[in-house]
Amino acid sequence: MKCVDLFAGCGGMSLGFQNAGVEILSAIDNWDKSIEIYNKNFSHKCYHHDISDEEGTLEIIKRYSPDMIVGGPPCQDFSSAGKRDESLGRADLTYNFANIICIYKPKWFVMENVDRIKKSAILSDVVEQYQKEGYGLTAVIIDASYCNTPQSRKRFFLIGELGGENNALLPKLKKNLNSEPMTIRDYLGDKLGVNYYYRHPRNYNRRGIFSIDEPSPTVRGVNRPIPSGYKKHSGDPAEIELSEVRPLTTIERSYLQTFPKNFKFEGTKTNLEQMIGNAVPVNLAEFLASTILEHEEEKLYKKSIPQNLFSNGISVLIPETTLHRMCY
């Protein structure tokens, strides 16, 4: 399976799909800082290009003839961290992504966004567009903490297979989920050197201190120290002294996004926090890609079995007494 990653950012989706066995041929993004990081970590090229230029985007894609296109159009207009106003224009890139898919018609596509997109008119529009072009769709909200990721990060995925059936991937996705959410300690052990850490809340009606014995809350593009006037929230651990708690570093937060330690992050703290917070967790992307590949392999296996294999019955090559014990 060969793939091009649109809205690639610093490469979370690309790395996860690559780890699963998908060949990433190229990527596209429009932020030069994340492109610099991407190109430091991958052997293929990430192009600096505005994806709203659909014709130019298609020219790049056609150079590589991918079987799959993946991407996460900017989510600020849907996100609880943004203004949630679809008229601001960034959400139009979801339409651009759909137009590109429906013109090029890859065998597979994956679109990622925040879970709030499910309430948007835009989603209904693009779902109708995809279905008219013959895509079978699986729409699902996944909590990353059940996909080998130590973070409670809920994300929406729309997965399309050209000529496929609607919801074809749901049984496999459910089957492949972990039975329990992954905690930070599960993933990193004691490597952070802390049992508790500070994560700046959106408002002070929410807790700010978290344990590594639970999944992290969603990693955002904001990472601040504990304010001097911070008062403990009722949800904060009662036994903890504030002087003993620190925020996680930028690189530690990249680990919560399951970027490996050898992934090269260089640049200002502000830019790195933003691109890490925007990334698709690597292990979540790998989970999705592995499920798609499993589905493809199953279809290929079924096609390889002769249709008349069982037409003459099944020969028993073990003693009947053994067969009896197996059946009862």
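All figures in this text were calculated on a predicted structure; none of them were measured in a lab.

1. A word on empty space enclosed by the protein
Alright, step 1. This model, assessed by the stated rule, comprises two cavities of 30 Å³ or more.
Alright, step 2. Quantified by volume, the largest cavity comes out at close to 70 Å³.
Alright, step 3. Along the walls of the largest cavity sit Tyr-197, Tyr-198, Arg-199, Ser-216, Pro-217, Thr-218, Val-219, Asn-223, Leu-248, Arg-253 and Leu-256, which together make up its complete lining.
Alright, step 4. Going through the elements one at a time, strand 9 (196-198), strand 11 (216-217) and helix 8 (250-256) are the ones with two or more residues in the lining of the largest cavity.

2. Remarks on the pattern of salt bridges
Alright, step 1. Applying the stated criterion across every chain, the model contains 16 salt bridges.
Alright, step 2. Arg-207 is the salt-bridge partner of Glu-214, the closest N and O atoms lying 2.9 Å from each other.
Alright, step 3. The salt bridge involving Glu-273 is made with Arg-253; its shortest N-O contact spans 2.8 Å. Here Arg-253 lies in helix 8 and Glu-273 lies in helix 9 (residues 269-278), a separation of 20 residues in the sequence.
Alright, step 4. Owing to a relative accessible area of 3%, Glu-273 belongs among the buried residues under this scheme.

3. Details of the sheet that holds strand 1 (residues 2-6)
Alright, step 1. Across the sheet, which stays open at both edges, the seven strands sit in the order 3-2-1-4-5-8-6 with mixed pairing between neighbours. Each having just a single partner strand, strand 3 (45-48) and strand 6 (135-143) make up the two edges of the open sheet. The mean inter-strand angle of the sheet, taken between neighbouring strand axes irrespective of direction, is 15 degrees.
Alright, step 2. Strand direction decides the pairing type here: strand 2 (residues 23-29) and strand 3, joined by four bridges, are parallel. When the sheet's bridge partners are listed, Ala-27 is paired in strand 3 with Cys-46.
Alright, step 3. Against the sheet, helix 2 (residues 32-41) touches strand 2 and strand 3, its axis set at about 165 degrees to strand 3.
Alright, step 4. Each of strand 5 (108-114), strand 6 and strand 8 (154-162) touches helix 5 (residues 121-132); the most contacted strand, strand 6, lies at about 145 degrees to it.

4. So, the nonpolar core
Alright, step 1. Core analysis: the biggest nonpolar cluster contains 53 residues, and Phe-17, Ile-142, Phe-157, Ile-159 and Phe-265 have the highest contact counts within it.
Alright, step 2. With eight residues, helix 10 (residues 282-304) is the single largest residue contributor to this core.
Alright, step 3. Residue contacts for Ile-159: discarding those within four places in its chain leaves Trp-108, Phe-109, Val-110, Gly-136, Leu-137, Thr-138, Leu-169, Leu-173, Leu-288 and Ile-292.

5. Here we look at helix 2
Alright, step 1. Along helix 2, the residues classified as buried are Ser-34, Ile-35, Ile-37 and Tyr-38. With its buried residues spanning 165 degrees around the axis, helix 2 presents them on a single face.
Alright, step 2. The elements touched by buried residues of helix 2 are helix 1 (12-20), strand 2, strand 3 and helix 9.

6. A few points about the confidence of the model for the chain
Alright, step 1. Per-residue confidence for the chain gives a mean pLDDT of 90; residues scoring 70 or more make up 88%.
Alright, step 2. A low-confidence stretch, residues 78-89 stays under pLDDT 50, and its non-local contacts, those more than four residues away or across chains, total 30 contacts.

7. Section: a negative patch on the surface
Alright, step 1. On the surface, Asp-50, Asp-53, Glu-55 and Glu-59 cluster together into a negatively charged patch.
Alright, step 2. Inspection of the secondary structure puts Asp-50 in the loop between strand 3 and helix 3 (54-62).

8. A closer look at unusual backbone geometry
Alright, step 1. Its identity as a non-glycine residue notwithstanding, Ser-65 has a phi of 50 degrees, on the positive side.
Alright, step 2. Note that Ser-65 resides in the loop between helix 3 and strand 4 (68-71).
Alright, step 3. For Ser-65, a relative accessible area of 48% gives the class partly exposed.
Alright, step 4. Located in the positive-phi region is Asn-167, a residue other than glycine, with phi close to 65 degrees.
Alright, step 5. Of note, Asn-167 is situated in the loop between strand 8 and helix 6 (170-176).
Alright, step 6. The exposure class of Asn-167 is partly exposed, given its relative accessible area of 39%.

9. Some remarks on helix 4 (residues 92-104)
Alright, step 1. If you check helix 4, its first and last C-alpha atoms are 19 Å apart, about what 13 residues at 1.5 Å a residue would give, namely 18 Å.
Alright, step 2. Turning to helix 4, its buried residues are Leu-93, Thr-94, Asn-96, Phe-97, Ala-98, Ile-100, Ile-101, Cys-102 and Tyr-104.
Alright, step 3. Of the surrounding secondary structure, the elements contacted by the buried residues of helix 4 are strand 1, helix 3, strand 4, strand 5, helix 5 and strand 6.
Alright, step 4. Downstream of helix 4 by a residue or two, Lys-105 has a phi angle that is positive, lying close to 60 degrees.

Reading the values: rules and limits
Residues numbered from 1 in each chain as written. Predicted model: local features only at pLDDT ≥ 70, side-chain atom pairs only at ≥ 80, totals over all residues. Heavy atoms only, no water. 1 Å grid on protein atoms, 1.4 Å probe; cavity = no way out; pocket = protein on both sides within 12 Å on 5 of 7 lines; lining within 4 Å. Points joined across faces, edges and corners; volume = space filled by probe spheres on them. Helix = DSSP H or I, 4+ residues; strand = E, 2+ residues; numbered from the N terminus. Salt bridge = Lys/Arg side-chain N within 4 Å of Asp/Glu carboxyl O. Buried < 20%, exposed > 50% of the residue type's maximum accessible area, 1.4 Å probe, protein only. Pairing = 2+ DSSP bridges. Axes fitted to C-alpha atoms, helices over the stretch in contact; angles between N-to-C directions. Contact = heavy atoms within 4.5 Å. Core = buried A, V, L, I, M, F, W, Y, C linked by side-chain atoms within 4.5 Å. Arc of directions from axis to C-beta. pLDDT = per-residue confidence, 0-100. Patch = residues over 30% accessible without salt bridge, like charges linked within 9 Å, V, L, I, M, F, W, Y side chains within 5 Å. Areas by Shrake-Rupley, 256 points an atom, 1.4 Å probe, with all protein chains shown as cover. Lys, Arg positive; Asp, Glu negative; His and termini not counted. Charge placed at Lys NZ, Arg CZ, Asp CG, Glu CD. Expected span 1.5 Å × (residues − 1).

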